[in-house]
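Residues per chain are reported as follows:
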Amino acid sequence: MNDLRNIDPNTAWQPFVPSAEIPWTDRLAAHLFRRAGFGASFAELEEAAKKSPDQIVSEMIAKSRQEQEFRDVADTLAETVIPSGNARSLSAAWVYRLLRTPNPLQEKMTLFWHGHFATSAEKVKDPRMMWEQNQLLRKNALGNFGSLVQAISKDPAMLVYLDSTSNRKAHPNENYAREVMELFCLGEGHYTEVDVQELARCFTGWEIKNHRFRKNRYQHDGSEKSILGKTGEFGGEEGVAIVIQQEATPQFICRKLVRFFVCDEPELSDEFIAPLVRTMQDNDLEIAPVVSQILTSQFFYSKHAVGRKIKSPVEFMIGTMRCLEASGNTQQIAEGLMQAGQGLFYPPSVKGWDGGRTWINSSTLLARANLAQRILNDTVTKFHGENLGDYLRTYDIDTPIQLIPWFNRLTMTAPLDPIIEKQIIDRIPANEARDEKSLRGIVEVIAALPAYHLA
């Protein structure tokens with residue numbers, strides 16, 4: 001990765017054009033689907049081979065505005081669990097959506113914002129508030145960043161999570177003001193403590209009544225404030241607008257998007273991400289143009305990106321299942337994700353998940369293996385509605401020797417070592433090679449390999 005200093009940033013973010021040196025292969029297509037979503041089935045990869053990366057990404061972004069029929073079904077499922085008062089049931093409803101959505105990029109970005117504007121049901125006990133925030137993130141997943149920050153600032157779940165409901169004129173609470181600068185928009189070093197205190201005064205009187213946001217004018221400090229060099233009798237909206245207009249905002253968001261979609265390490269220089277920052281500035285802080293530029297860039301398909309990320313628990317389990325067109329016990333999957341370190345609706349802190357190497361330790365690796373084992377050995381788990389053996393035979397896969405490279409192409413960033421491949425095959429008695437249990441066992445063994453956890 002040290003040779004990144006020799007790469008021209010303007011060239012890095014130029015569109016990738018397949019060549020004799022780097023052709024458009026099903027492995028690169030699988031890379032795109034893993035990063036922009038949660039992996040692709042064999043049929044999706046075959047279809048992708050007929051299109052350009054630019055065409056596929058354009059379709060992914062366009063899809064995020066369609067598929068109303070699926071949204072209605074998924075929304076209804078979530079609505080049915082809200083009366084239970086148990087936010088953990090919402091996790092299962094989101095798992096259902098992740099497994100079946102025809103818009104994986106929209107769900108991937110919803111997951112990104114869930115980690116960015118982290119809000120946990122551990123503190124926000126009202127499932128409806130958590131669900132409505134989730135819908136807000138989904139609606140704005142690829143929209144305008146400024147609009148998203150304005151909306152999240154009035155989101156009841158966020159107001160509860162960061163104590164904005166106790167922000168009063170006589171006693172301003174600085175929690176939300178601090179995080180909107182440090183974690184949501186600017187990053188450390190781009191504001192002062194006085195800016196935080198002044199911004200907190202802008203939000204005084206913002207509260208919730210009957211589960212809805214409202215402004216209490218009796219608790220609002222309407223006097224003059226000075227924030228980031230600007231002075232006026234600002235309210236909350238004006239305060240947010242001042243923050244998102246800072247030059248540091250697009251740089252902060254672009255850097256985070258690159259880490260999410262491209263590579264965990266190393267930290268890229270300001271100069272390297274400058275072309276993306278310009279794109280975001282030129283498009284009035286719209287997210288879709290930046291995501292499109294990232295996912296179609298030369299850098300995204302280079303050796304600096306492929307296999308340079310560690311799968312999150314969601315990417316690991318949902319990706320495995322989507323590649324096999326699988327359905328299963330969503331409650332069990334949601335609980336397993338929690339144990340593996342990525343409970344949906346339960347980020348560990350206001351910072352969200354750190355990601356990268358922090359996803360992996362002896363405890364979370366064991367949790368991943370146990371989750372995969374439980375789901376793959378569960379007879380409820382089906383593959384396009386069938387047993388795994390019947391499903392594989394639709395692709396003319398009938399033996400472990402055929403299954404291993406086929407599954408490898410779908411889910412891994414590089415071919416499996418032939419020695420490991422032989423070791424897996426040798427573990428299976430010849431007379432059991434076509435058994436349903438053996439085929440599921442092979443998937444389970446591959447999913448436990450260290451290389452399987454790379455994206």
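Quick note: structure is the one above.
Residues numbered from 1 in each chain as written. Predicted model: local features only at pLDDT ≥ 70, side-chain atom pairs only at ≥ 80, totals over all residues. Heavy atoms only, no water.

A.B. asks: Explanation requested: the overall build of the chain in the structure shown.
C.D. replies: Along the chain, the regular secondary structure elements total 23 helices and six strands. Its C-alpha atoms give the chain a radius of gyration of 23 Å, near enough to 23 Å, the size a compact globule of 455 residues would have. Projected onto its principal axes, the C-alpha positions of the chain cover 80 × 55 × 40 Å. The buried share of the chain, reckoned over its 455 residues, is 55%. Within the chain, counting contacts between residues at least 6 apart in sequence, those at least 24 apart form 73% of the total. For the chain, the exposed area adds up to about 19,300 Å²; of that, 50% sits on carbon and sulfur atoms. Of the charged side chains in the chain, 51 are positive and 58 negative; the average position of the first set lies 3 Å away from that of the second. (Helix = DSSP H or I, 4+ residues; strand = E, 2+ residues; numbered from the N terminus. Rg over C-alpha atoms; globule rule 2.2 N^0.38 Å. Buried < 20%, exposed > 50% of the residue type's maximum accessible area, 1.4 Å probe, protein only. Contact = heavy atoms within 4.5 Å. Areas by Shrake-Rupley, 256 points an atom, 1.4 Å probe, with all protein chains shown as cover. Lys, Arg positive; Asp, Glu negative; His and termini not counted. Charge placed at Lys NZ, Arg CZ, Asp CG, Glu CD.)

A.B. asks: What should I look at first to understand helix α17 (residues 313–323) in this one?
C.D. replies: Because the α-helix completes a turn every 3.6 residues, residues three or four places apart line up on one side. Among the eleven residues that make up α17, eleven are buried, leaving the element largely enclosed by the rest of the structure. Along α17, the residues that are buried comprise P313, V314, E315, F316, M317, I318, G319, T320, M321, R322 and C323. Note on α17: the residue one or two positions beyond its end, E325, has a positive phi of about 50°.

A.B. asks: What is the right way to look at the pattern of salt bridges in this model?
C.D. replies: Oppositely charged side chains may form a pair once their charged atoms are brought near each other. In this structure the tally under the stated criterion is 29 salt bridges. A salt bridge links R97 to D75; the shortest N-O distance between them is 2.8 Å. Of this pair, R97 sits in helix α6 (residues 87–100) while D75 sits in helix α5 (residues 68–81), and the two are 22 residues apart along the sequence. Among the residues examined, R97 registers a relative accessible area of 2% and is labelled buried. (Salt bridge = Lys/Arg side-chain N within 4 Å of Asp/Glu carboxyl O.)

A.B. asks: What is the right way to read the side chain of E179 from this model?
C.D. replies: Along the chain, E179 turns up in helix α11 (residues 175–185). At 5.8 Å, R178 is the nearest oppositely charged side chain to E179, a buried residue that forms no salt bridge. If near-sequence neighbours (up to four positions away) are discounted, E179 is found in contact with L162, F184 and V350.

A.B. asks: Looking at this model, I keep getting lost on the packing of aromatic side chains. Mind explaining?
C.D. replies: How two aromatic rings sit relative to each other is set out by the distance from centre to centre and by the angle between their planes. Counting across every chain of the model gives 25 aromatic pairs. With a centroid separation of 5.0 Å and 75° between ring planes, the pair formed by W206 and F213 is classed as edge-to-face. The class of W206 is buried, set by a relative accessible area of 3%. Accessibility expressed as a relative area gives 23% for F213, which makes it partly exposed. On the basis of an interplanar angle of 90° and a centroid distance of 5.9 Å, the ring pair of F316 and Y452 is categorised as edge-to-face. Note that F316 is positioned in helix α17 and Y452 in the segment after α23 (436–447), a separation of 136 residues in sequence. On the accessibility criterion, Y452 (1% relative accessible area) is buried. Through successive ring pairs, a cluster of aromatic residues spans F112, W113, F117, F145, Y176, F184, F203, W206, F213, F260 and F261. Lying over the aromatic face of Y346, R88 brings its terminal NZ or CZ to 5.4 Å of the ring centre. (Phe/Tyr/Trp six-rings, centres within 6.5 Å; stacked < 30°, edge-to-face > 60°. Lys NZ or Arg CZ within 6 Å of the ring centre and 35° of its normal.)

A.B. asks: Whenever I open this one, unusual backbone geometry confuses me. Can you help?
C.D. replies: Note on backbone geometry: most residues besides glycine have negative phi, and most peptide bonds are trans. Here the amide bond leading from E265 into P266 is cis, since omega sits at -10°, within 30 degrees of zero. By the element assignment, P266 lies in the loop between α14 (248–261) and α15 (270–282). Phi at F345 is positive, roughly 75°, even though this residue is not glycine. Checked against the element boundaries, F345 lands in the loop between α18 (330–339) and α19 (362–376).

A.B. asks: Looking at this structure, I do not really get the nonpolar core. What am I missing?
C.D. replies: Nonpolar side chains in soluble globular proteins tend to be buried together. If you look at the biggest cluster of nonpolar residues, it comprises 143 residues, and the most contacted ones within it are M109, W113 and F145. A total of eight residues in this core trace back to one element, the largest contributor, which is α6. With near-sequence residues (within four places) excluded, M109 lies in contact with A141, L142, L257, F261, I287 and V291. (Core = buried A, V, L, I, M, F, W, Y, C linked by side-chain atoms within 4.5 Å.)

A.B. asks: Just checking my understanding: could you explain the packing of helix α9 (residues 145–153) against α11 for this structure?
C.D. replies: Following both chains from N to C, one finds α9 and α11 inclined at 150°, their axes separated by 12 Å at the closest point. Classified by the interaxial angle, the pair formed by α9 and α11 is roughly antiparallel. α9 and α11 meet at a crossing whose hand is right-handed. For the pair α9 and α11, contact is made by F145, V149, I152 and S153 and by Y176, V180, F184 and C185, respectively. (Axes fitted to C-alpha atoms, helices over the stretch in contact; angles between N-to-C directions. Parallel < 35°, antiparallel > 145°, perpendicular 65-115°, else oblique. Left-handed = near helix turned anticlockwise from the far one by under 90°.)

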